[in-house]
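Summary of the model geometry
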Amino acid sequence: MDFWVKSSAERVFKHTRKQKADSAYLSLHTGKNMFVSAQLLLREVETAFEICDVTVSGLPKGVQAEICVQDYAVFNDGVPYPDIQKPGKSVQVLSNTTQGIWVHLWVSPEACEGSAAVLCKVSTTRGDFCAHLALVVYPVTIPEPAESEFGHEYFFCSTGYFAPKGLTWNTPITPFYDTYRYSDEWWLLMANYAHAMKTLRVNSLNLSIIDFLVDGGSKRICETEWYFDFALLDRFIELFLTEGSFRYITLAAMIASVNGDTVIAVDENGHHVWYKTSEPQAKYWLEAVWGSIYKHFTEKGWIHMLQMRLEDEPHTSNVWMWAKEIADRVCPGIVCGEPLDTHAISLELAGKCNQYVPRLEVYASDPFFYAQRQKAGDTVWCYSCCFPEENWWLNKFIDLPHSFSRMIKWACFSQGITGFLHWGFNYWGEKTIYGIQPHARYKGDGYIVYPDIEHFDVIHSNRGVATREGLYDWELLHMLAQKDAQAALAISRSVARTFDDFTDDATVIDSARERLLRAISQF
């Protein structure tokens with residue numbers, strides 16, 4: 001039996017074999033309020049075997065262990081890509097196959113500083129195997145997500161894969177969870193989503209409100225007025241805010257993306273309706289709904305968290321400008337930003353948009369322009385959504401190394417970008433080109449988490465965990481920059497200068513984090 005340990009930055013396939021330099025020892029360097037992770041790897045050539053249990057001992061005060069079994073997604077290339085981290089300690093393993101076990105150590109803010117010898121024992125039907133982790137905890141505590149100066153957001157599907165209100169209410173439209181919107185199980189699932197987001201350091205709650213308004217009984221009462229019932233929406237938001245991880249509540253766009261020809265609204269019967277943006281009804285609706293949201297959020301004490309998206313990925317600026325005029329009038333002072341998939345629109349929105357969110361390759365086409373917008377007082381984030389799909393760009397596809405997800409945050413720091421949006425947290429359609437089906441083109445782009453059907457919960461992906469590692473790295477870089485900006489930038493650019501100029505060498509990545517921790521500890 002071969003047994004060895006690898007860094008969390010390594011990608012290990014089922015066919016990966018132990019190398020001469022590999023061993024059952026690994027040093028883990030970490031601050032506090034962080035997870036730090038290792039992969040335990042087993043491979044038997046001649047016979048199948050079973051991993052029966054994993055135990056972790058020698059943990060210092062304030063450190064806890066979580067264990068996950070590595071699982072895989074197979075696409076039309078036939079390759080089982082490591083991505084799914086199933087909580088558990090046992091698994092059947094075929095012969096001539098490498099199986100990974102993830103050990104995640106949570107280092108709390110109260111953890112003891114210094115070094116500790118952590119022993120991981122893997123019990124199998126072929127005997128017991130032990131890994132030795134040298135855990136080094138530095139006197140560095142990163143902030144809570146809600147206190148971070150880096151925005152982290154996913155497009156999040158809350159209500160869309162459950163039976164809608166109306167005649168089909170008794171027929172679930174999800175192939176995953178056998179439940180309905182607003183059932184006890186659904187609220188449990190939402191609570192588990194909120195906890196998963198905190199664990200993955202999501203601090204911007206992407207919020208689509210239309211279903212909550214319709215299901216709550218909102219309706220149009222005359223040409224220019226609507227009755228709004230915010231009870232369901234409030235319960236949803238309050239559930240997520242209970243986790244304490246959110247700095248922003250981002251109102252999703254209600255205007256149709258790309259061409260901006262329609263806006264989704266609520267009619268006099270309390271049903272969904274689409275108004276042409278060229279018609280007066282669209283203006284009346286946006287004035288009413290945005291104005292009511294502004295007033296309601298002010299009363300709830302949430303207005304400081306609110307930011308708005310108007311028209312996702314606009315390809316012309318006229319509708320966006322029209323909507324921005326309405327937003328400025330009824331929601332004074334609210335940041336309005338947009339995912340932008342063409343640079344031409346960024347140029348047209350200059351001086352009007354408050355938050356630019358160009359896609360990676362769009363940003364790369366003219367970083368000077370976005371730096372100028374920052375100097376003018378605007379915010380610059382970036383985002384990924386399917387494109388760029390070439391494998392020399394950082395992105396979140398399953399068939400790319402999961403360390404690419406981590407490197408995105410290094411590139412953001414190197415470029416002075418203060419937030420990142422990824423579109424697909426849980427878009428689990430059955431036949432999608434961005435799912436985990438064999439034919440998927442943008443492999444797993446909508447699957448940052450996976451459904452845990454039995455527990456009305458979600459399962460983390462390697463890419464979600466790697467993104468969390470990158471967010472930790474950004475915080476460490478930011479902390480060092482407060483003391484020595486040039487040193488922080490030099491370390492960051494040794495790992496990722498831009499979104500297409502980076503390394504995925506685990507040794508370089510781990511060494512850079514250790515250098516950061518040592519440098520911060522000196523101050």
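Predicted model only: the values in this text are computed from it and were never measured.

1. Comments concerning the pairing of strand β4 (residues 49–57)
Sheet analysis places β4 next to strand β7 (residues 91–93), joined by 3 bridges and oriented antiparallel. Looking at the pairing, Ile-51 lines up with Val-91 of β7. Summarising the sheet, β4 and strand β9 (residues 114–124) pair through 6 bridges and their orientation is antiparallel. Paired with Thr-55 across the bridge in β9 is Lys-121.

2. Structural notes on the sheet that holds β4
The strand order across the open sheet formed by 5 strands is β2-β10-β9-β4-β7, and the pairing between neighbours is mixed. Because the sheet does not close on itself, it has two edges, and the strands there are β2 (25–32) and β7. Sheet twist, expressed as the average angle between the axes of neighbouring strands with direction ignored, equals 35°. Across the sheet, helix α12 (residues 506–521) lies against β2 and β10 (127–141), angled at about 40° from β10, the strand it touches most.

3. A look at the packing of aromatic side chains
What describes a pair of aromatic rings is the distance from one ring centre to the other and the angle between the planes of the rings. Counted according to the given criterion, the structure contains 38 aromatic pairs. With centroids separated by 5.1 Å and ring planes inclined at 40°, the aromatic side chains of Tyr-154 and Phe-425 adopt a geometry described as tilted. Linking Tyr-154 in strand β11 (residues 151–154) with Phe-425 in the loop between β23 (419–422) and β24 (449–452), this pair joins segments that are 271 residues apart in sequence. Among the residues examined, Tyr-154 registers a relative accessible area of 2% and is labelled buried. With a centroid separation of 5.0 Å and an interplanar angle of 85°, the aromatic rings of Phe-369 and Tyr-370 are classed as edge-to-face. Here the guanidinium or amino end of Arg-235 rests over the ring plane of Trp-187, the centre of that ring lying 4.0 Å away.

4. Considering helix α10 (residues 462–483)
Spanning 22 residues, α10 covers 32 Å between terminal C-alpha atoms, matching the ideal 32 Å at 1.5 Å per step. Across the 22 residues that make up α10, a large majority, 18, are buried.

5. Some details on unusual backbone geometry
Here the amide bond leading from Phe-387 into Pro-388 is cis, since omega sits at -5°, within 30 degrees of zero. For Tyr-182, which is not a glycine, the phi torsion comes out positive at approximately 70°. Residue position: Tyr-182 is located in the loop between β11 and α1 (184–199). A relative accessible area of 18% means that Tyr-182 is categorised as buried. Of note in this structure, Phe-456 is not a glycine but carries a positive phi near 50°. Here Phe-456 is to be found in the loop between β24 and β25 (457–460). Relative accessible area serves as the criterion here: at 17%, Phe-456 is assigned to the buried category.

Thresholds applied
- Residues numbered from 1 in each chain as written.
- Predicted model: local features only at pLDDT ≥ 70, side-chain atom pairs only at ≥ 80, totals over all residues.
- Heavy atoms only, no water.
- Pairing = 2+ DSSP bridges.
- Helix = DSSP H or I, 4+ residues; strand = E, 2+ residues; numbered from the N terminus.
- Axes fitted to C-alpha atoms, helices over the stretch in contact; angles between N-to-C directions.
- Contact = heavy atoms within 4.5 Å.
- Phe/Tyr/Trp six-rings, centres within 6.5 Å; stacked < 30°, edge-to-face > 60°.
- Buried < 20%, exposed > 50% of the residue type's maximum accessible area, 1.4 Å probe, protein only.
- Lys NZ or Arg CZ within 6 Å of the ring centre and 35° of its normal.
- Expected span 1.5 Å × (residues − 1).

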